[in-house]
Amino acid sequence: MADSFYNMYEAHRYLLKSTRLEAEDLKEYKSLRELFRAGDTGRIEIAIQRLCRLVYLHYQILPVILGDEYDTPLLEAYTDGYWSEMIGTCRQLFHSTFKENPYYARALITGVTKVSKNSLFSDLNNLETDTVTCEAYSDCFGFTEQEVMDALKCQNMDTMHDVKEMYDGFIFGKQKDMYNPWFICNYMRSGELQSYWINTSSNKLIGEIIRRHPVRSKHENEQLMAGEIIHKEINENITFQYLDGDENSFWSLFLAVGYIKAENVVKQGESTWCDMSVTNREVWECSAMKSLRCLKMEMPFIMILQKHCSHTAWKI
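These notes cover the structure that comes with them. (Residues numbered from 1 in each chain as written. Predicted model: local features only at pLDDT ≥ 70, side-chain atom pairs only at ≥ 80, totals over all residues. Heavy atoms only, no water.)

1. Some remarks on the nonpolar core
Step number 1: The biggest cluster of nonpolar side chains holds 37 residues, and the ones touching the most others in it are Val163, Tyr167 and Trp251.
Step number 2: With five residues, the top contributor of residues to this core is helix α11 (residues 247-256).
Step number 3: When near neighbours in sequence (up to four residues on either side) are disregarded, tyrosine 167 contacts Met178, Tyr179, Phe183, Ile184, Tyr187, Glu192, Leu193, Gln194, Tyr196, Asn280 and Glu282.
Step number 4: In this structure, Tyr9, Ile44, Leu74 and Ile87 belong to the second largest nonpolar core, which totals 34 residues. (Core = buried A, V, L, I, M, F, W, Y, C linked by side-chain atoms within 4.5 Å. Buried < 20%, exposed > 50% of the residue type's maximum accessible area, 1.4 Å probe, protein only. Helix = DSSP H or I, 4+ residues; strand = E, 2+ residues; numbered from the N terminus. Contact = heavy atoms within 4.5 Å.)

2. Concerning the environment of aspartate 275
Step number 1: Its location among the elements puts aspartate 275 in strand β8 (residues 271-278).
Step number 2: Residues aspartate 275 and alanine 262, 13 residues apart in the sequence, show an inter-C-alpha distance of 5.6 Å.
Step number 3: With near-sequence residues (within four places) excluded, aspartate 275 lies in contact with Ile229, Ile230, His231, Lys261, Ala262, Glu263 and Asn264.
Step number 4: A distance of 2.9 Å separates polar atoms of two side chains, one belonging to aspartate 275 and the other to histidine 231.
Step number 5: Separated by 2.8 Å, the side chains of aspartate 275 and asparagine 264 make a polar contact. (Polar contact = N/O pair within 3.5 Å; in protein donor to acceptor, adjacent residues only side chain to side chain.)

3. Notes on unusual backbone geometry
Step number 1: In this structure, glutamate 69 takes a positive phi of about 55° despite not being glycine.
Step number 2: Mapped onto the elements, glutamate 69 comes out in the loop between β1 (64-67) and α4 (72-80).
Step number 3: Within the chain, asparagine 156 stands out as a residue other than glycine whose phi angle is a positive 55°.
Step number 4: As for its position among the elements, asparagine 156 is in the loop between α6 (145-154) and α7 (160-167).

4. Here we look at the layout of surface pockets
Step number 1: The space that makes up the second largest pocket amounts to roughly 670 Å³.
Step number 2: What lines the second largest pocket is a set of 26 residues, among which Phe5, Met8, Ile48, Leu66 and Gly67 lie closest to the centre.
Step number 3: Breaking the lining of the second largest pocket down by element, the ones donating at least two residues are α1 (2-10), α3 (47-59), β1, α4 and α5 (83-99).
Step number 4: Looking at the lining of the second largest pocket element by element, the count peaks at five residues for α5.
Step number 5: Broken down by class, the residue content of the lining of the second largest pocket amounts to 19 nonpolar, five polar and two charged. (1 Å grid on protein atoms, 1.4 Å probe; cavity = no way out; pocket = protein on both sides within 12 Å on 5 of 7 lines; lining within 4 Å. Points joined across faces, edges and corners; volume = space filled by probe spheres on them. Nonpolar A, V, L, I, M, F, W, Y, C, P; charged D, E, K, R; others polar.)

5. A closer look at empty space enclosed by the protein
Step number 1: In total, this model carries two cavities of 30 Å³ or more according to the counting rule given.
Step number 2: The space that makes up the second largest cavity amounts to roughly 40 Å³.
Step number 3: Lining the second largest cavity are Val132, Thr133, Ile171, Gly173, Leu255, Ala262 and Val265.
Step number 4: Partitioning the lining of the second largest cavity into residue classes produces five nonpolar, two polar and no charged.

6. Topic: the side chain of aspartate 168
Step number 1: As for its position among the elements, aspartate 168 is in the loop between α7 and β4 (170-172).
Step number 2: A polar atom in the side chain of aspartate 168 sits 2.7 Å from the side chain of lysine 164.

7. So, the sheet that holds strand β6 (residues 230-234)
Sheets are built from strands paired through backbone hydrogen bonds, the pairs being either parallel or antiparallel.
Step number 1: Read across the open sheet, the three strands follow the order β6-β8-β7; overall the sheet is antiparallel. Looking at which strands have only one partner, the edges of the open sheet turn out to be β6 and β7 (260-268). Averaged over all pairs of adjacent strands, the angle between their axes in this sheet comes to 30°, without regard to strand direction. (Pairing = 2+ DSSP bridges. Axes fitted to C-alpha atoms, helices over the stretch in contact; angles between N-to-C directions.)

8. A look at the pattern of salt bridges
Between side chains of opposite charge, pairing is possible as soon as their charged atoms come close.
Step number 1: One pass over the full model with this rule turns up 11 salt bridges.
Step number 2: Arginine 50 is the salt-bridge partner of glutamate 28, the closest N and O atoms lying 2.8 Å from each other. Of this pair, glutamate 28 sits in helix α2 (residues 23-37) while arginine 50 sits in helix α3; the two residues are 22 residues apart in sequence, bridging distant segments of the chain.
Step number 3: Here lysine 164 ties to aspartate 168 by a salt bridge, and the two come within 2.7 Å at their closest N and O atoms.
Step number 4: Taking relative accessible area as the criterion, lysine 164 reaches 30% and is therefore assigned partly exposed.
Step number 5: The exposure class of aspartate 168 is buried, given its relative accessible area of 3%.
Step number 6: Several salt bridges share partner residues, and in doing so they unite Glu10, Arg13, Arg33, Glu34 and Arg37 into one network. (Salt bridge = Lys/Arg side-chain N within 4 Å of Asp/Glu carboxyl O.)

Distances and angles like these do not, on their own, reveal function.
Shown next, in the form of structure tokens:
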């Protein structure tokens, strides 16, 4: 984490030449940067707040905070066993950054867990949150099919049929035929139709949950691996610390990280019901192989998975 903050400060080293910063401001900037360079996390909670202030003083404009995958540190803590230590650090950091910080105009935050219901943000006001089942920005989180077609055409790659079969399937709100930019960009670079999901942080989290709960929802997993649809209630207000005991949060996490997609969504108060299926061929291959490695408890289940993993055809 210290390395990330050091890189963030280093990206703003132009502040050292600013004529609008006082000597004390420059001293604090240098001090924090050197602490993070040395791997010291003792003052991480004030890092973003202080940087916002310096950027504001330099430009005379309130900056916008962009927080991509804000809960990645919590994800790592959950899977690696130091949740209690990390939750305290993150709570202080986010409180200082978003609650006690007058030096930013607005913030855009993305992550697996819903911001408004997460305890880290419980004291913030004026929050607008959208999940994968919401209509707002539904065509913005990923490449549309037309954008993928245009990109392939620019690279003289006449492979749209194969790309669609492998990577199509993501749904945001009612917007279908969405593609993960990471997968498409990697494919265009390498020209190989393969799973680029396997080394992502969300894949690591799914693997850990499967290992911790090898018998959970076995029947539904069998149905999904067989290409079937299951009708489930999900809890979009998921938090990592309650995953161990909340069946609905388990499926909601699968949906949030993209392992499954939701159709025919019906929201009733705090409950959300939907038809779920595996997102696409890439995710299916990845999750099927992971299930074979992690769910080694009953031979009938393993035989079902092996049967379906041996098929070369995938129908979306």
